[in-house]
Amino acid sequence: MVKGKDQFDKPLAQNRKASHDYFIEDTFEAGMVLTGTEIKSLRGGRANMGDAFATIRNGEIFLHNMHISPFEQGNRHNPTDPTRTRKLLMHKAQIRKLIGASKQEGYTIVPLKVYTRNGYAKCLLGLGRGKKNYDKRESAAKKDAERDIQRALREKQKVAR
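Okay, so let's go over this structure.

The rules behind these values
- Here the residue numbers are simple positions, counted from 1 along each chain's written sequence.
- Only residues with pLDDT of at least 70 get local features here, since the model is predicted, and only at 80 or more are side-chain atom pairs given and counted; chain-wide, interface and lining totals rely on the full set of residues.
- Calculated side-chain values reflect all of the structure's heavy atoms, with hydrogen atoms and water omitted.
- The helix count covers DSSP runs of H or I at least four residues long, the strand count covers runs of E at least two residues long, and both are numbered beginning at the N terminus.
- Remark: exposure states derive from per-residue accessible area (1.4 Å probe, protein chains only) relative to the maximum for the residue type, with buried under 20%, exposed over 50%, and partly exposed in between.
- In this description, contact between two residues means that some pair of their heavy atoms is separated by no more than 4.5 Å.
- Where accessible areas are quoted, they stem from the Shrake-Rupley method and a 1.4 Å probe; at the residue level, only the protein chains shown are allowed to cover.
- For two strands to pair, DSSP has to find at least two bridges joining them.
- Here, nonpolar core means buried Ala, Val, Leu, Ile, Met, Phe, Trp, Tyr and Cys residues that are tied together by side-chain atoms lying within 4.5 Å of each other.
- Angular values range over 0 to 180 degrees, each being the angle between N-to-C directions of two axes fitted as lines to C-alpha atoms, with helices fitted over their stretch in contact.
- Any carboxyl oxygen of Asp or Glu within 4 Å of a side-chain nitrogen of Lys or Arg constitutes a salt bridge here.

A few points about the overall build of the chain
Argument step 1. Scanning the chain from N- to C-terminus turns up four helices and nine strands.
Argument step 2. When its helices and strands are written in sequence order, the chain yields β-α-β-α-β-β-β-β-β-α-β-β-α.
Argument step 3. Oriented by its inertia axes, the alpha-carbon framework of the chain measures out at about 60 × 40 × 35 Å.
Argument step 4. Taken over 161 residues, the chain has a buried fraction of 32%.
Argument step 5. For the chain, the proportion of contacts with a sequence separation of at least 24, taken over those separated by at least 6, is 69%.
Argument step 6. Surface exposure of the chain reaches about 11000 Å², of which carbon and sulfur atoms provide 48%.

Considering the pairing of strand β4 (residues 53-57)
Argument step 1. Pairing between β4 and strand β5 (residues 60-64): five bridges, direction antiparallel. Note that in β5 the partner of R57 across the bridge is E60.
Argument step 2. Where β4 folds back on β5, the antiparallel hairpin that results is connected by two residues, among which N58 adopts a positive phi of roughly 55 degrees.

Structural notes on the nonpolar core
Argument step 1. With 28 residues, the main nonpolar core has M32, L42, I61, M66 and L125 as its most contacted residues.
Argument step 2. Those elements that provide at least two residues to this core are β2 (22-32), α2 (36-43), β5, α3 (92-102), β8 (107-117) and β9 (120-130).
Argument step 3. A per-element tally of this core places β9 first, with four residues.
Argument step 4. The residues touching L125, leaving out its near neighbours within four places in the chain, are D26, T27, F28, A30, A54, I61, L88, M90, I109, V110, P111 and L112.
Argument step 5. One finds A18, V110, Y115 and L124 within the second-largest nonpolar core, a separate group that totals five residues.

So, the sheet that holds β4
Argument step 1. An order of β1-β8-β9-β2-β7-β5-β4 is seen for the seven strands of this open sheet, with the pairing classed as antiparallel. Each edge of the open sheet carries a strand with a single partner, namely β1 (13-14) and β4.
Argument step 2. Here ten bridges tie β8 to β9, and the two strands are oriented antiparallel to one another. Residue V114 lies in a different strand from β9, and its bridge partner there is C123.
Argument step 3. Taken strand by strand, α3 contacts β2, β4, β5, β8 and β9, and its axis lies near 150 degrees from that of β2.

Quick word on the pattern of salt bridges
Argument step 1. Counted under the stated rule, the structure contains nine salt bridges.
Argument step 2. Among the ionic pairs, R84 bridges to E38, the shortest N-O distance being 2.7 Å. Residue R84 is located in the loop between β6 (67-68) and β7 (86-89), and its partner E38 is located in helix α2; the two are separated by 46 residues in the primary sequence.
Argument step 3. Linking E38 and R86 is a salt bridge whose minimum nitrogen-to-oxygen distance equals 3.0 Å. Within this pair, whereas E38 is found in helix α2, its partner R86 is found in strand β7, the two being separated by 48 residues in sequence.
Argument step 4. A single network of salt bridges, built from pairs that share partners, joins E38, R84 and R86.

Okay, structure coming up:
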């Protein structure tokens, strides 16, 4: 492996609405329990995290509503439900920390993206606090202002050359 090279591959699936709907305060990495055909389909980019959410039951964490399309060349033992509940793998201390934080009012566990690391599928979970409508407008205004500043700087650099 080349030194200094980022060990993350490109995201296989990403929840773009999460940063729009939540203030992400902390992130956690969790392994995913998948079948062989699910990981093949995931690597093929056939996943959607739009409505996904995570819950904690009996000291274990589960991912709900993540859609992984069935693998086309798969065998007859493919899971028939593409949005089935999938177990996530985390250390007990991390799960306890998530339990304590998510019990607070307004906090939830949001899956942010799915990627591979060293050949294993990983899910990046965020501890998020819901945004109000005025927060969303404020975030959009900041993003627009930043975009305008960058555009003006690029134009100024073009003129200087």
